[in-house]
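Commentary on secondary and tertiary structure
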Amino acid sequence: MKKVKPLIRSKGFSDENIFVKNSNNTELEIKKKINKIKEKLDFLNLSNEDQKIIKEILNQNDIVKNNHNNDEFCLAGHELVEFFKIPENKLHRYLIYRYKYNLYPKKKIVGDYPPCIQIEPTSICNYRCIMCYQADKSFSSKSKGFMGNMEFEMFKNVIDELEGNIEAITFASRGEPTLNKYFADMLKYCEGKFLGLKMNTNASMLNEKLIHEILSSDIQTIVFSIDAKDKESYEKIRVNGKFDKIIKNLELFNNIRHSQYSKNKQIVRISGVKINEDQKIDEMKKQWGNIADIVAFTNYTPWESSYENEINKIVKPCSELWLRMFIWYDGKVNPCDYDYKSELSKFSFKNKSIKEIWNSDYYNFLRMSHLEGKRGDLEPCARCINC
């Protein structure tokens, strides 16, 4: 399967590579919800920082846009689907969270905590996708020391610090989350604590028990990583994956979801990595649209060769340093997952809090290096195309 390597990569989804189902809520309906927030919001329960943010949002005439191409807060695309699934008494929290997620990286604002934390329950994966770190045998071979599972006690300690301080937790990074034997317990421990709880899975481990555990949990968004519409293309990209099994698993998931759970509770996304022009969003929509609320291709970064990619001339700062933090299975804390072997990592959650690490001199040094156009002095930042 031929991959087309881009020269630079923006975060998220290009407009032409995302399909959002049932997102036709009118601007009037959104304004009605915003007005209810104004009527009921108790500012005394918010920090000074959050008060300032929500007041700025509520004073805007229009928060609905087609995209995020400006520095004014807006909701666009999948956020409009999320907005209408959040209980009204929590909508102000959602708006504050999305403001930080979308605008802190643009404005280069460093809060007490990152807007998003990605936790890997495991670094182990049963696939060897051609665009993934797992394709690098110097990482994925058991003898190299990078493979392992997060212990439940460590996970609880991470969640205990993050509860009340951030809204977005994503179960994803270098491995397949559902391979951790404590995964269902992790879901239960997050109950009622976050608005932006998300999981990424290749769907290979789905069975009736796991499906019920996922659908009865507080997960807001379930992302199934599926890069193709047909067996031949899928199995070339998702090495070790069996297309027929995935079809069967997703049909089971969809049947259980429709028959036993409220479709309004969670968002289901089929998401692939756009590695070549043969992947068509319209064809993906036809294949998976009956299962997913959103079908999308994320922009491709050559993660499978982070440390061998050519040094480039990009000087624009990487948004990850203001957006998110990665916590590996063993407690190691990393600025990004392009650096999947943790060459940039200096800290462990076992020794320092997330707040301390995020605001540390070292993290600020990384940020300043990027702001001063010196990302080329850092490895593997010098080889990364993210901005």
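Report follows, based on the coordinates. Everything quoted here is computed from the prediction, not taken from an experiment.

Bringing the sheet that holds strand β2 (residues 116-119) into the picture now. The mixed open sheet is built from ten strands, whose spatial order is β1-β7-β6-β5-β4-β3-β2-β8-β9-β10. Each having just a single partner strand, β1 (18-20) and β10 (347-348) make up the two edges of the open sheet. The strands touched by helix α11 (residues 281-288) within the sheet are β1, β6 (267-274) and β7 (294-299), with β7 carrying the most contacts at an inclination of about 140 degrees.

Mapped onto the secondary structure, Arg-98 falls in helix α4 (residues 91-107). Arg-98 gets classed as buried once you look at its relative accessible area, which sits at 4%. On a C-alpha basis, the gap between Arg-98 and Ile-354 in space is 20 Å, while along the polypeptide they are 256 residues apart. Once residues lying within four places of it in the same chain are set aside, the contact partners of Arg-98 are Phe-73, Leu-75, His-78, Glu-79 and Glu-82.

Glancing now at the packing of aromatic side chains. With the rule as written, the count across this model stands at 22 aromatic pairs. On the numbers, 6.0 Å between centres and 25 degrees between planes, the contact of Phe-152 with Tyr-182 is stacked. One end of the pair, Phe-152, is in helix α6 (residues 152-162); the other, Tyr-182, is in the loop between β3 (168-171) and α7 (183-189), and 30 residues separate them in sequence. On the basis of relative accessible area, Tyr-182 is assigned to the partly exposed category, the value being 24%. Relative to Phe-183, the ring of Phe-171 lies with its centre 5.5 Å away and its plane at 80 degrees, an arrangement referred to as edge-to-face. Here Phe-171 is found in strand β3, whereas its partner Phe-183 is found in helix α7, with twelve residues between them in sequence. According to the relative accessible area criterion, Phe-183 is buried, its value standing at 1%. Among the aromatic residues, ring-to-ring pairing joins Phe-152, Phe-155, Phe-171, Tyr-182, Phe-183 and Tyr-189 into one connected group. It is Arg-367 that lies over the ring of Trp-358; its NZ or CZ is 4.4 Å from the centre.

Looking now at the nonpolar core. Membership of the largest hydrophobic core comes to 84 residues, with the highest contact counts inside it found for Phe-171, Phe-224 and Leu-250. A per-element tally of this core places α6 first, with six residues. If you look at the next biggest cluster of nonpolar residues, it comprises 26 residues, including Ile-34, Ile-86, Leu-103 and Ala-168.

Moving on to helix α1 (residues 27-40). In this model α1 runs 20 Å from its N-terminal to its C-terminal C-alpha over 14 residues, within 8% of the 20 Å that 1.5 Å per residue would give. Along its buried surface, α1 packs onto α2 (48-58), α3 (78-83) and α4.

Another aspect to go through is the packing of α2 against α4. Packing of α2 against α4 leaves a shortest axis separation of 10 Å and a crossing angle of 95 degrees. If you check the angle between α2 and α4, you find them roughly perpendicular. Residues Glu-49, Asp-50, Ile-53, Ile-54, Glu-56 and Ile-57 of α2 lie in contact with α4, whose contacting residues are His-92, Leu-95, Ile-96, Tyr-99, Lys-100, Tyr-104 and Lys-107. Of the residues contributing to the contact of α2 with α4, the split by class is seven nonpolar, one polar and five charged.

Analysis parameters
- Residues numbered from 1 in each chain as written.
- Predicted model: local features only at pLDDT ≥ 70, side-chain atom pairs only at ≥ 80, totals over all residues.
- Heavy atoms only, no water.
- Pairing = 2+ DSSP bridges.
- Helix = DSSP H or I, 4+ residues; strand = E, 2+ residues; numbered from the N terminus.
- Contact = heavy atoms within 4.5 Å.
- Axes fitted to C-alpha atoms, helices over the stretch in contact; angles between N-to-C directions.
- Buried < 20%, exposed > 50% of the residue type's maximum accessible area, 1.4 Å probe, protein only.
- Phe/Tyr/Trp six-rings, centres within 6.5 Å; stacked < 30°, edge-to-face > 60°.
- Lys NZ or Arg CZ within 6 Å of the ring centre and 35° of its normal.
- Core = buried A, V, L, I, M, F, W, Y, C linked by side-chain atoms within 4.5 Å.
- Expected span 1.5 Å × (residues − 1).
- Parallel < 35°, antiparallel > 145°, perpendicular 65-115°, else oblique.
- Nonpolar A, V, L, I, M, F, W, Y, C, P; charged D, E, K, R; others polar.

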